Amino acid sequence: MSSNIKKIAVLTSGGDAPGMNAAIRSVVRSCAYYNIECVGVYRGYDGMIEGDFKSLNARSVKGIINKGGTFLKSARSKEFRTVEGRKKAHSNLIKEGIDAFVVIGGDGSFTGALIFNKEFNFPIMGIPGTIDNDIFGTSHTLGYDTALNTAVDVIDKIRDTASSHNRLFFIEVMGRDVGHIALNVGIGAGAEEILIPEEDLGLERLLESLKRSKKSGKTSSIVVVSEGDKIGKNVFELKDYVDENLIEYETRVSVLGHMQRGGNPSCFDRVLASRMGVKAVESILEGKSNYMVGLLNDKIEITPLNETIKGKSKINNELIRVSDIMSV
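Now for a quick tour of the structure. All values reported here derive from a predicted model rather than from experimental measurement. (Residues numbered from 1 in each chain as written. Predicted model: local features only at pLDDT ≥ 70, side-chain atom pairs only at ≥ 80, totals over all residues. Heavy atoms only, no water.)

### Some details on the pairing of strand β4 (residues 100–105)
Stated precisely, the cut-off is as follows: The classification of residues rests on relative accessible area computed with a 1.4 Å probe and restricted to protein chains. Under 20% of the type maximum is buried, over 50% is exposed, and intermediate values are partly exposed. Think of it this way: any DSSP run of H or I at least four residues long counts as a helix, any run of E at least two long counts as a strand, and we number them from the N terminus. Any two strands between which DSSP finds at least two bridges are classified as paired.
Of all six residues in β4, six are buried; the element is thus mostly enclosed. Residue alternation in β4 divides its side chains into two sets, A100, V102 and I104 and F101, V103 and G105, and both sets are buried. In terms of strand pairing, strand β1 (residues 7–12) meets β4 through five bridges, oriented parallel. Directly across from A9, in β4, lies its bridge partner F101.

### Digging into the packing of helix α1 (residues 20–33) against helix α9 (residues 267–285)
A packed helix pair is summarised by two numbers, namely the angle formed by the two axes and the spacing between the axes. Here is the rule we go by: Helix axes are fitted to C-alpha atoms over the stretch in contact, other axes to C-alpha atoms as well, and angles between N-to-C directions run from 0 to 180 degrees. Between 65 and 115 degrees an angle is taken as roughly perpendicular, under 35 as roughly parallel, over 145 as roughly antiparallel, and anywhere else as oblique. Note on convention: the crossing is left-handed when the near helix lies turned anticlockwise from the far helix by less than a right angle, right-handed when the turn is clockwise. Contact definition: two residues touch when any of their heavy atoms are within 4.5 Å. Each residue is assigned to one of three groups, with Ala, Val, Leu, Ile, Met, Phe, Trp, Tyr, Cys and Pro labelled nonpolar, Asp, Glu, Lys and Arg labelled charged, and all others, Gly among them, labelled polar.
Axis separation between α1 and α9 bottoms out at 7 Å; the angle between their running directions is 40°. Comparing the axis directions of α1 and α9 gives the class oblique. As α1 runs across α9, the sense of the crossing is right-handed. The residues of α9 that touch α1, namely those facing A22, A23, R25, S26, V27, S30 and C31, are R270, A273, S274, G277, V278 and V281. For the contact of α1 with α9, the residue count by class is seven nonpolar, four polar and two charged.

### Quick word on the environment of K73
Tracing the sequence through the fold places K73 in the loop between β3 (53–56) and α3 (83–96). A sequence separation of 133 residues divides K73 from L206, and the C-alpha atoms of the two residues are 41 Å apart.

### So, the sheet that holds strand β2 (residues 37–41)
The strand order β3-β2-β1-β4-β5-β10-β11 describes an open sheet built from seven strands, whose pairing is mixed. Where the open sheet ends on each side, the last strands, each with one partner, are β3 and β11 (299–304). Within this sheet the neighbouring strands show an average axis-to-axis angle of 30°, counted without direction. Of the pairings in the sheet, the one linking β2 to β3 comprises four bridges and is antiparallel in character. Paired with V41 across the strands is F53, a residue of β3. In this fold α9 packs onto β1, β4, β5 (124–128), β10 (291–296) and β11, with an angle of close to 140° to the strand it touches most, β10.

### Considerations on the sheet that holds strand β6 (residues 167–173)
Sheet architecture is open: four strands sit in the order β7-β8-β6-β9, paired in parallel fashion. What marks the edges here is a single partner per strand, and that holds for β7 (193–195) and β9 (250–255). Sheet twist, expressed as the mean angle between neighbouring strand axes with direction ignored, is 20°. Sheet analysis places β6 next to strand β8 (residues 221–226), joined by six bridges and oriented parallel. Residue pairing across strands places I171 opposite V224, the latter belonging to β8. Strand contacts of helix α5 (residues 144–165): β6, β8 and β9, with the helix running at about 160° to β6, the strand carrying the most contacts.

### What about the nonpolar core?
The cut-off we apply is this: For our purposes a nonpolar core is just a set of buried Ala, Val, Leu, Ile, Met, Phe, Trp, Tyr and Cys residues, chained together by side-chain atoms within 4.5 Å.
Ranked by size, the top nonpolar core spans 60 residues in total, and within it V10, V102 and I222 carry the most contacts. Looking at this core element by element, the count peaks at eight residues for α5. Residues L11, F101, F122 and I124 belong to the second largest nonpolar core, which totals 23 residues.

### Details of α5
Where we set the bar: In this analysis, the expected span of each helix is defined as 1.5 Å times one less than the number of residues it contains.
Along its 22 residues, α5 runs 32 Å from first to last C-alpha, staying within 8% of the 32 Å computed at 1.5 Å per residue. Taken together, the buried positions of α5 are occupied by Y144, D145, T146, A147, L148, A151, V154, I155, I158 and A162. Buried residues in α5 make contact with β6, α6 (180–188), β8, β9 and α9. Positioned one or two residues after α5, N166 has a phi angle of 50°, which is positive.

### Thoughts on the pairing of β1
Put simply, the rule reads: Crossover handedness is defined by viewing with both strands directed away from the observer: a clockwise path from the first strand over the helix to the second marks the crossover as right-handed.
Counting buried positions along β1 yields six of six residues, so the element is predominantly enclosed. What you see with β1 is no split at all: K7, A9 and L11 on one side and I8, V10 and T12 on the other are buried throughout. As judged from the five bridges shared by β1 and β2, these two strands associate in the parallel manner. In the strand pairing of β2, I8 is matched with C38. In this fold, the crossover linking β1 to β2 by way of α1 has right-handed handedness.

Now the structure itself:
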């Protein structure tokens, strides 16, 4: 392990995700284990610019592994996108005697960290925290598993109403650019159709599928829609189109929204966060910088940050095939 690192900062940036608190806890306790000081940066890069720092020790992070969100708060910083803002942030880190930082967030947070490193040659390490699971270099991002479980639980409840009233429900889940949540949740909740950005089902094919479902004896249906799906402008337009063309269906829309980002993290996310935090600190102490910690083939590995930003997470084609078979 490198002896030059004496103090490491940790911050959460961008959208919150269940498991972020568990990751902060892991970073702080890993620092304590290796006799390194740890500093929490409040409100992401905004807090770094304003010098909103607080020393953390092993006891500072007790009782947070089971909490959703992030106790360090999070923000999307406009000022950090400016050279002046990043200079202020660097000045504060130097003033505080911080030698490296761990940022828990998504590709926007990692892009900012990379630019910062390029300008100031400051050691950084990323931990992927976003429910969308849209980051290259890891099979699972923090919060993804919890979001899946939350969405499936809600859809199970909606299905009770759909069955009772013989209704068709369009249920929108998060996933602006990728359909990981919709695809997995759709299969897990037994949806009749799953609409994702990667697969353009088309309005006519959707209608044909719903007609087949009706003929096969299904009295109610669930269609899971990723918010980034390209079939209609939005889920409400889809509903209107079906209303006009399939009068035998009584349709409803339910947008799950931000409830998917909250809640206590699943056991999987807590364990993953703990593993990632340890790897992030140990990698910094080994002299590594500009990497993201990720889960690949059930091993915690590191991937260069520029690859995680340029790369694109891929949808599982086997799951698409499974969903087609299951919708019979």
